[in-house]
Amino acid sequence: MKLLVTGGAGYIGSVVARMLLDNGHDVTVLDDLRTGHRAALAPEATHVDLPIHEAAQVLTPDAGFDGVLHFAALIAAGESMVRPELYWRNNTVGSLALIDAVRAAGVPRLVFSSTAAVYGNPLELPIPETAVKAPTNTYGATKLAVDMALTSEAIGHDLAAVSLRYFNVAGAYLRGDLAIGERHDPETHLIPIALEVAAGRRDKLQIFGDDYPTVDGTCVRDYIHVVDLARAHLLALTAAVPGRHRIYNLGNGNGFTNRQVVEVVREVTGEPVPVETAPRREGDPAELVASSALAREELGWVPEKPTLHDMVGDAWAFYRTHILEQR
Ligand code: UDP
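Residues numbered from 1 in each chain as written. Predicted model: local features only at pLDDT ≥ 70, side-chain atom pairs only at ≥ 80, totals over all residues.

Naming follows an unreviewed UniProt entry, where the protein appears as UDP-glucose 4-epimerase of Micromonospora mirobrigensis. Within the UniProt record for the protein, the comment given under Sequence similarities (unreviewed entry) is "Belongs to the NAD(P)-dependent epimerase/dehydratase family." Among the UniProt annotations of the protein, the heading Subunit (unreviewed entry) holds the following wording: "Homodimer." (UniProt positions renumbered as here; feature names shortened; annotations may be inferred.)

Structure, rendered in structure tokens:
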């Protein structure tokens, strides 16, 4: 298939772009490199340096794209509470412009990066796709708005749409000399920050809140390996059906508290990782754990690296070889 990958220089988008190329697809990456990295771009892909608002310049009717995988977004839940306008404009308005371009060009399918953050504080655990959607942060709200637009687009214009609701993504794609991992600036995510502490690049990790209603008072998240997540995108592309919007949660169904995550980082790295308790981060749901039964059933998705030790081990291998050694 001829595919456009928005955000293909980011963490997840660049892993998926590689896998699509490995599977014989023709890949064009649309990424303005605002938060993505040139080094993460697959050399075999065509790179277009444009924001998603201008996707119509690439998605022309005669370009013959068979599908779009839409990753490009702002993703920091904490920041989304402080600068909500950036998130609405970039994530929601930008995605609506992309959907317009998809329709105008007659592109038949679209796979969208949605998020567990759409559920807010869930009433049922593990969370099925049918659970109440009540996001507690702006990030989740901006993604839910796009999910709803895609449902309408599928019905109204026969788009084959799939939303994949990611829980917490971790790990790295390691293949020979190639390693793609998480690299945000500034870094806001728990595992990469804990690795920075383990590597001696930061003094300590702040744990945001220890008075949540969980086993040790810290938030619970469900972690999924970036390679397992990427594989789900390839399955989704072929499972997409015109006129339908399919939605799948992707996680492992195991919850880890923030303190438990830090403990795994200590075990994997052999370093102490000092922590201190800090106030809650605005907008954080207490507990997010996925039911991915539907993805298993309808996509035939089976995670190959479900353990947190595997994810942290791969993230640490990437961090040591590609971040520490290159400074
Ligand atoms: N977190 C933390 N300290 C940090 C970064 C994150 O305690 O320096 C917590 C955060 O409040 C949340 C969990 O770790 O409870 C996962 O946050 P992350 O930003 O990694 O992912 P999110 O769940 O927001 O997508």
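Colleague: What is the right way to look at the site of the ligand in this model?
Modeller: In the vicinity of the ligand there are 15 residues, among which Ala77, His189, Leu190, Phe208 and Cys219 approach most closely. Secondary structure elements with two or more residues in the shell around the ligand: α5 (190–198) and β10 (205–208). For the shell around the ligand, the leading source of residues is β10, giving four residues. (Near = placed C-beta within 6 Å. Helix = DSSP H or I, 4+ residues; strand = E, 2+ residues; numbered from the N terminus.)

Colleague: Just to check I follow, could you spell out the pairing of β10 for this structure?
Modeller: Look at any regular strand and the pattern is simple: side chains alternate between the two faces of the sheet. Residues of β10 alternate between two faces, with Leu205 and Ile207 buried on one and Gln206 and Phe208 left unburied on the opposite face. Judged from the four bridges that link them, β10 and strand β14 (residues 275–278) form a sheet pairing that is parallel. Across the sheet, residue Phe208 finds its bridge partner in β14, namely Ala278. (Buried ≥ 20, exposed ≤ 12 C-beta atoms within 10 Å, placed from the backbone. Pairing = 2+ DSSP bridges.)

Colleague: Please clarify how the pairing of strand β5 (residues 109–115) should be interpreted in this entry.
Modeller: In terms of residue burial, β5 counts as a mostly covered element, since seven of its seven residues are buried. Taking every second residue as pointing to the same face, both faces of β5 are buried, with Arg109, Val111, Ser113 and Thr115 on one and Leu110, Phe112 and Ser114 on the other. In this sheet, β5 lies alongside strand β4 (residues 67–70) in parallel orientation, the contact comprising four bridges. Following the sheet pairing, Leu69 is matched in β5 by Val111. Here β5 pairs with strand β6 (residues 160–166) via seven bridges, running parallel. In the strand pairing of β6, Leu110 is matched with Ala161. Taken together, β5, helix α4 (residues 138–157) and β6 constitute a β-α-β crossover, and its handedness is right-handed. (Right-handed = clockwise from strand over helix to strand, strands pointing away.)

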